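Close look at the chain arrangement
Chain residues, written in single-letter form:
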Amino acid sequence: MKLDRILPFARVLLEKAIREGDIAVDATTGNGFDTVFLAQLAGNTGHIYGFDIQQEALEATAARLNEQGLANCCTLIHSGHENIKNHIPESVHHRITAAIFNLGYLPGGDKQIVTRADTTISAIEQLLEIMAAEGLIILVIYHGHPEGAVEKDELLRYVSSLPQDRAHVLQYGFINQVNQPPFIIAIEKR
Ligand code: SAM
């Protein structure tokens, strides 16, 4: 298949956004796969801030970063992404060039602990305030579980109403697949 699948396309976008020395945010570290990818792009001179509300997720992420020798360029924060502004120092605010939200529940973890639209939207609003111009926010939306369907509807309503002079908003997804496949929303700050 020539078309990029969903997770590879998220990575294509992150590669466009992050240069060596940049600051990036993993808003839902989970098992740490995205955190490692961001850290590889930002390199030793960059820095990644990773958020998760589950200790288990942060431990898995820390172990993965250690394995790859990337622990020094990441700060892992045991807090919801709705508190982003309180945790990322002001000195780096306008160097943040990308953020990723891999929504839903922790694979292999407790499926009752899920991301929710109100906190996701609060985090996006804070990022739009503090990121660099042309910074990219990537949302990977999983809506096959009941709360995911609600989150999807609320997020689509919110991003569709973002003023065009504030952000460019892209939706990327396959529209003829069975079983509610995930899709991407990408928001570029203007
Ligand atoms: N990116 C991850 C990876 O590479 O493995 C997968 C992330 S997983 C789909 C979603 C994660 O979001 C879970 O680990 C969950 O604990 C976390 N989460 C839920 N609500 C959150 C919130 N308000 N702030 C930060 N993380 C949250």
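Up top is the structure.
What counts and how
- Along each chain, the written sequence defines residue order, and numbers are assigned to residues from 1.
- Reporting of local features is limited, given that this is a predicted model, to residues whose pLDDT is at least 70; pairs of side-chain atoms are given and counted only at 80 or more, and all residues count toward the totals for whole chains, interfaces and linings.
- Excluded from the side-chain calculation are hydrogens and water; included are all heavy atoms of the structure.
- We call two strands paired when DSSP finds no fewer than two bridges between them.
- Helix numbers and strand numbers start at the N terminus; a helix is a DSSP run of H or I with at least 4 residues, a strand a run of E with at least 2.
- Here, axes are lines fitted to C-alpha atoms. For helices the fit covers the stretch in contact, and angles between N-to-C directions go from 0 to 180 degrees.
- The contact definition used throughout considers only heavy atoms, calling two residues in contact when any of these lie within 4.5 Å.
- Roughly parallel means an angle under 35 degrees; roughly antiparallel, over 145; roughly perpendicular, 65 to 115; everything else is oblique.
- It is the rotation of the near helix from the far one that decides the hand of a crossing: anticlockwise by less than a right angle makes it left-handed, clockwise makes it right-handed.
- Any residue outside Ala, Val, Leu, Ile, Met, Phe, Trp, Tyr, Cys, Pro, Asp, Glu, Lys and Arg is labelled polar, Gly included; the first ten of those are nonpolar and the last four are charged.
- Salt bridge, as used here, is a side-chain nitrogen of Lys or Arg placed within 4 Å of a carboxyl oxygen of Asp or Glu.
- Three labels apply to residues, based on accessible area from a 1.4 Å probe with only protein chains included: buried if under 20% of the type maximum, exposed if over 50%, partly exposed otherwise in between.
- Polar contact is the term for a pair of N or O atoms within 3.5 Å; when the atoms are in protein, one must be able to donate a hydrogen and the other to accept it, and sequence-neighboring residues count only if both atoms are side-chain atoms.

With that settled, consider the sheet that holds strand β5 (residues 136–141). The strands making up a sheet are joined through hydrogen bonds of the backbone, oriented either antiparallel or parallel. With respect to topology, 7 strands assemble into an open sheet ordered β3-β2-β1-β4-β5-β7-β6, the strand pairing being mixed. Edge positions in the sheet fall to β3 (74–78) and β6 (167–172), since each has one partner strand and no second. Neighbouring strand axes in the sheet, compared pairwise and without regard to direction, differ in orientation by 15° on average. Pairing of strand β1 (residues 23–26) with strand β2 (residues 47–52) involves 4 bridges; the strand directions are parallel. Each residue of the ladder has a partner; that of Val25, found in β2, is Tyr49. Along the sheet, helix α1 (residues 6–17) contacts β4 (96–102), β5, β6 and β7 (183–189); its crossing angle with β5, the most-contacted strand, is approximately 170°.

Another aspect to go through is the packing of helix α2 (residues 33–42) against helix α3 (residues 55–67). One can describe the packing of α2 onto α3 by two numbers: an axis separation of 9 Å at closest approach and a directional angle of 40°. Judged by the inter-axis angle, α2 sits oblique to α3. The handedness of the crossing between α2 and α3 comes out as right-handed. Residue-level inspection shows Phe33, Thr35, Val36 and Ala39 of α2 in contact with α3, the latter providing Thr61, Arg64 and Leu65. In terms of residue class, the contact of α2 with α3 is made up of 4 nonpolar, 2 polar and 1 charged.

For the coordinates displayed, the defined rule picks out 4 salt bridges. As a salt-bridge pair, Asp34 and Arg11 come within 3.7 Å of each other at their nearest N and O atoms. You can see Asp34 sitting in helix α2 and its partner Arg11 sitting in helix α1, a full 23 residues away along the chain. Classification of Asp34 as buried rests on a relative accessible area of 13%.

Looking now at the side chain of Thr115. With respect to the helices and strands, the residue Thr115 is situated in the loop between β4 and α5 (117–130). When its relative accessible area of 11% is taken as the criterion, Thr115 is described as buried. One polar contact links the side chain of Thr115 to the main-chain amide nitrogen of Gly104, over a distance of 2.8 Å. In terms of polar contacts, Thr115 uses its side chain to reach the side chain of Glu151, at 3.1 Å. Other than its neighbours up to four places away in sequence, Thr115 contacts Thr28, His81, Leu103, Gly104, Thr120 and Glu151.

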